[in-house]
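Listed here are the chains, written in short residue letters.
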Amino acid sequence: MVNKVKVCLDLDDVLTGFMKGFSDFHNNNHGTSISYDNIKTLNIAKLLGISQDEAWGIVESYYNSADFDSLIPYDGVIRVLEEFTSLGIDLVIVTYRSGTGWKKSHDWLKKHFGSHIKLVHGLDKNGMRLNKGKVCAEQGVSFILEDCLDNAIHCLEEGITPFVLTMPWNIDRELPSGVVRVKDHQEFFQKVSSLIKK
């Protein structure tokens, strides 16, 4: 039995398809033709060519939509998280969701994964993003699965072993030494479990 090991997973685009859902939502409601496979940024303002305030408003409307409420976990995620917990590994989710999205996150996680996963907010009291590496370090995290390479690098800087789940916005980016690319959640589990058994 493994003790004292904590694994962190990002929520959006690691546990569920936030950007796929968002692109569909925006295309259907705003007449755009965003191609999910061609998304190269997670910055909604940059993706849409609008101000940050406008982007926050659109994301909040997405949080309040049936599209957002219908998001489900990626295939295989529930099984992998069960495999981690069967090894005695604590699971932590750190997310930058704000407003309605943050409020809905607790219920979504409980519905799909039960109540054994700790949810941590990555925003400060003013709604500003905290350094995810520092947040994870404060939580005692040893390994993280991310889709955002910048967050993975911040974790690496804090001595956390980061894995990057291949997505359209990171597939063309070269990974620095110490950041490991994985194609799916099962590969992440296999790599982490082999490391903790050494």
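Our structure's up above, just so we're on the same page.
Residues numbered from 1 in each chain as written. Predicted model: local features only at pLDDT ≥ 70, side-chain atom pairs only at ≥ 80, totals over all residues. Heavy atoms only, no water.

## Quick notes on the nonpolar core
Then, in step 1: The biggest cluster of nonpolar side chains holds 48 residues, and the ones touching the most others in it are Val7, Leu9, Leu15, Phe22, Leu81, Phe84 and Phe188.
Then, in step 2: Among the elements that line this core, the one with the most residues is helix α3 (residues 52-63), at five residues.
Then, in step 3: Setting aside residues up to four positions removed in sequence, Leu81 forms contacts with Leu9, Leu15, Leu91, Phe113 and Ile117. (Core = buried A, V, L, I, M, F, W, Y, C linked by side-chain atoms within 4.5 Å. Buried < 20%, exposed > 50% of the residue type's maximum accessible area, 1.4 Å probe, protein only. Helix = DSSP H or I, 4+ residues; strand = E, 2+ residues; numbered from the N terminus. Contact = heavy atoms within 4.5 Å.)

## Topic: the pattern of salt bridges
Then, in step 1: Scanning all chains against the criterion turns up 10 salt bridges.
Then, in step 2: The residue Lys132 makes a salt bridge to Glu146 at a minimum N-O spacing of 2.5 Å. In this pair, Lys132 is assigned in helix α7 (residues 132-138) and Glu146 in strand β4 (residues 143-146), connecting sequence segments 14 residues apart.
Then, in step 3: Residue classification places Glu146 among the buried positions, given a relative accessible area of 0%.
Then, in step 4: Close ionic contact of Glu187 with Lys191 constitutes a salt bridge, the shortest N to O distance being 3.8 Å. Taken together, the residues Glu187 and Lys191, both in helix α9 (residues 185-196) and four residues apart, mark about one turn of the helix.
Then, in step 5: Owing to a relative accessible area of 17%, Glu187 belongs among the buried residues under this scheme. (Salt bridge = Lys/Arg side-chain N within 4 Å of Asp/Glu carboxyl O.)

## As for the side chain of Lys132
Then, in step 1: Exposure remark for Lys132: the relative accessible area of 1% places this residue in the buried category.
Then, in step 2: At 3.3 Å, the side chain of Lys132 and the backbone oxygen of Val94 are in polar contact.
Then, in step 3: Among residues more than four places away in sequence, those in contact with Lys132 are Asp10, Val94, Tyr96, Ile144, Glu146, Asn151 and Cys155. (Polar contact = N/O pair within 3.5 Å; in protein donor to acceptor, adjacent residues only side chain to side chain.)

## Some points on α9
Then, in step 1: With 12 residues, α9 ought to run about 16 Å at 1.5 Å a step, and its terminal C-alpha atoms sit 17 Å apart, in line with that.
Then, in step 2: Residues of α9 that are buried: His185, Glu187, Phe188, Phe189, Val192, Ser193 and Ile196.
Then, in step 3: Here the buried face of α9 lies against β1 (6-10), α5 (77-86), β4, β5 (161-165) and β6 (180-182).
Then, in step 4: Where α9 starts, the residue carrying a side-chain oxygen 3.3 Å from the main-chain nitrogen of Gln186 turns out to be Asp184. (Expected span 1.5 Å × (residues − 1).)

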